[in-house]
Amino acid sequence: MPKLAKLFNVTGLVFLALVVVMLMLNLLRRNIYDPVLGINILVIAKDGLGIVAVREGSGLVSVMRLPDNLLIPIDPTGAEYRVEAFYKIGLPIKNELFVSRVSIGQALGVVLAGVVKTNSEFGLTGLAESLMSLSSQTNFSIFDRYNLLASIRNLLTKRTNFEISFPAVVADAVEEADGTEVLKLNSSIFVWSLNQWAADEVLSETAEVTVVNGSGREGKARSAARQMETAGVRVIGLMTARKNTKDCLIWGNEKLHPKTFSFLRLSFSCQEGADDELFDYIDHDVESDLVVVLGEKN
């Protein structure tokens with residue numbers, strides 16, 4: 001019996017140690033939620049997948065569920081998966097949450113800075129539950145969870161939440177070889193998205209941005225530009241970098257465009273670049289207020 005008790009004690013200590021390690025890793029995560037700017041969150045629930053947009057500054061929170069048979073191209077492989085695969089069986093790839101967030105964001109032309117995978121039901125109530133649960137998989141820090149939960153509860157008391165229906169015009173019905181009907185996004189999605197996901201604070205600054213592809217992947221700058229424009233950023237130029245970078249880098253005067261600068265830093269994990277390094281990536285001067293060089297990790 002003493003041996004059994006000792007085994008239980010050791011097991012308990014190991015479990016507590018793992019919990020402490022998880023909490024420390026969570027605390028060390030980079031905060032990505034700004035209550036003023038708001039955030040778009042990809043929610044992968046047990047019964048569906050979609051976007052929850054939290055805009056406490058504007059007094060709005062919205063929910064849009066994606067159709068189960070909608071096809072999403074996976075970055076960077078190009079393989080297509082139905083939405084239902086994301087929440088029913090998951091993707092057979094490394095960094096599943098990151099790839100899901102980036103791929104769906106690029107496909108819809110919307111910046112998805114946050115992602116939550118939960119066993120709760122899809123919706124605001126399920127999201128609130130998942131933010132309180134340590135078992136949920138997410139890129140949010142503990143501080144992000146606390147602030148988001150406070151924002152959602154505050155907005156719900158004001159009854160400012162609403163549901164957005166996925167528009168039929170942005171996807172074409174296609175019949176697969178087995179006779180199954182699926183939906184493929186068309187170019188209308190980028191026109192529709194512009195009216196749905198703008199951050200008022202970013203839009204009002206009217207900052208002009210040049211986007212530079214330093215990822216080594218063709219089309220990355222165009223995809224990111226569409227996402228930025230959806231949020232209210234004015235993209236005036238696209239370029240290819242002279243060399244690649246692992247991280248996203250940003251140059252410009254943060255004091256003149258603080259909200260846009262902050263939005264790009266939070267949404268694309270951008271770091272401020274050194275003044276003398278910009279021309280390592282571009283070969284001539286640009287007239288934009290900000291320059292963003294996208295990296296391999298974006």
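Residues numbered from 1 in each chain as written. Predicted model: local features only at pLDDT ≥ 70, side-chain atom pairs only at ≥ 80, totals over all residues. Heavy atoms only, no water.

Asker: Please set out a negative patch on the surface residue by residue, giving values where relevant.
Answerer: The grouping of Glu272, Asp275, Asp276, Glu277 and Asp280 at the surface amounts to a negative patch. Looking at where Asp275 falls in the secondary structure, it is placed in the loop between strand S14 (270–272) and strand S15 (290–294). (Patch = residues over 30% accessible without salt bridge, like charges linked within 9 Å, V, L, I, M, F, W, Y side chains within 5 Å. Areas by Shrake-Rupley, 256 points an atom, 1.4 Å probe, with all protein chains shown as cover. Salt bridge = Lys/Arg side-chain N within 4 Å of Asp/Glu carboxyl O. Lys, Arg positive; Asp, Glu negative; His and termini not counted. Charge placed at Lys NZ, Arg CZ, Asp CG, Glu CD. Helix = DSSP H or I, 4+ residues; strand = E, 2+ residues; numbered from the N terminus.)

Asker: So, the sheet that holds strand S12 (residues 234–240): which residues are in play, and what are the values?
Answerer: Spatial ordering of the open sheet is given by S12-S11-S15-S13-S14, a layout of five strands whose pairing is mixed. The open sheet has two free edges, formed respectively by S12 and S14, since each of these has just one partner strand. Taken over all neighbouring pairs, the strand axes of this sheet differ in orientation by 25 degrees on average, direction set aside. Packing against the sheet, helix H8 (residues 220–230) makes contact with strand S11 (208–213), S12 and S15, and its axis sits at approximately 170 degrees to S12. (Pairing = 2+ DSSP bridges. Axes fitted to C-alpha atoms, helices over the stretch in contact; angles between N-to-C directions. Contact = heavy atoms within 4.5 Å.)

Asker: Give a detailed account of the layout of surface pockets, specifying residues and quantitative values.
Answerer: What the largest pocket holds in volume is close to 510 Å³. Forming the boundary of the largest pocket are 26 residues, of which Phe98, Arg101, Ser267, Ser269 and Lys297 lie nearest the centre. If one sorts the elements of the lining of the largest pocket by residue count, helix H3 (residues 96–108) sits on top with five residues. The wall of the second largest pocket is formed by 19 residues, among which Pro73, Ser103, Gln106, Ala107 and Phe190 lie closest to the centre. (1 Å grid on protein atoms, 1.4 Å probe; cavity = no way out; pocket = protein on both sides within 12 Å on 5 of 7 lines; lining within 4 Å. Points joined across faces, edges and corners; volume = space filled by probe spheres on them.)

Asker: Talk me through unusual backbone geometry; I want residue IDs and the actual numbers.
Answerer: With phi around 50 degrees, Asn95 is a residue other than glycine that occupies positive phi space. Within the fold, Asn95 resides in the loop between helix H2 (83–88) and H3. Unlike most non-glycine residues, Ser269 shows phi in positive territory, near 55 degrees. Here Ser269 lies in the loop between helix H9 (258–268) and S14.

Asker: I'd like to hear about the side chain of Ser193, residue by residue, with values.
Answerer: Within the secondary structure, Ser193 is located in helix H6 (residues 188–193). Exposure remark for Ser193: the relative accessible area of 0% places this residue in the buried category. Dropping the residues within four chain positions of it, Ser193 is found in contact with Leu108, Gly109 and Thr230. (Buried < 20%, exposed > 50% of the residue type's maximum accessible area, 1.4 Å probe, protein only.)

Asker: Lay out helix H5 (residues 142–157) in plain terms, naming residues and giving numbers.
Answerer: Relative to the 22 Å expected for 16 residues at 1.5 Å per residue, H5 spans 23 Å between its end C-alpha atoms, a close match to the ideal helical length. By the burial criterion, the buried members of H5 are Asp144, Arg145, Leu148, Leu149, Ser151, Ile152 and Leu155. Down the axis of H5, the buried side of the element spans an arc of 165 degrees, and every buried residue falls inside it. Exposed residues on H5 whose side chains face more than 90 degrees from its buried face are Tyr146 and Thr157. (Expected span 1.5 Å × (residues − 1). Arc of directions from axis to C-beta.)

Asker: Explain empty space enclosed by the protein to me, using residue names and the numbers behind them.
Answerer: Regions of empty space are outlined by a rolling probe, equal in size to a water molecule, passed over the atoms. Enumeration over the complete set of coordinates arrives at one cavity of 30 Å³ or more. Of the voids in this model, the largest cavity is the one considered here, and its volume is about 130 Å³. Gly38, Ile39, Asn40, Phe263 and Ser267 are the residues nearest the centre of the largest cavity, which is lined by 15 residues in total. Among the elements of the structure, strand S1 (39–44) and H9 are those that each provide at least two residues to the lining of the largest cavity. Examining the composition of the lining of the largest cavity, we find that four residues originate from one element, H9, more than from any other. Split by residue class, the lining of the largest cavity holds ten nonpolar, four polar and one charged. (Nonpolar A, V, L, I, M, F, W, Y, C, P; charged D, E, K, R; others polar.)

Asker: Go over the environment of Leu194, please, and point to the residues and values.
Answerer: Tracing the sequence through the fold places Leu194 in the loop between H6 and helix H7 (200–205). A residue is classified by how much of its surface remains accessible, and Leu194, at 41% relative accessible area, is partly exposed. For the pair Leu194 and Thr230, spaced 36 residues apart in the sequence, the C-alpha separation amounts to 4.4 Å. Filtering out sequence-adjacent residues up to four positions away, Leu194 remains in contact with Glu229 and Thr230.

Asker: I'd love a proper account of the packing of helix H4 (residues 124–132) against H5, names of residues and values included.
Answerer: Between two packed helices, the angle of one axis relative to the other and the distance separating the axes together describe the packing. The interhelical angle for the contact between H4 and H5, taken along N-to-C directions, is 150 degrees, at an axis separation of 9 Å. It follows from the interaxial angle that H4 and H5 lie roughly antiparallel. Between H4 and H5 lies a crossing of left-handed hand. Across the interface between the two elements, Leu124, Leu127, Ala128, Ser130, Leu131 and Met132 of H4 pack against Arg145, Leu148, Leu149, Ile152, Arg153 and Leu156 of H5. Grouping the amino acids of the contact of H4 with H5 by side-chain chemistry returns nine nonpolar, one polar and two charged. (Parallel < 35°, antiparallel > 145°, perpendicular 65-115°, else oblique. Left-handed = near helix turned anticlockwise from the far one by under 90°.)

Asker: So what's going on with the pairing of strand S10 (residues 181–185)? Which residues, and what values?
Answerer: As defined by bridge partners, strand S9 (residues 171–175) adjoins S10 across five bridges and the pair is classed as antiparallel. Pairing of Ala171 across the sheet is with Leu185, part of S10. Joining the antiparallel neighbours S9 and S10 is a turn of five residues, in which Gly179 adopts a positive phi near 90 degrees.

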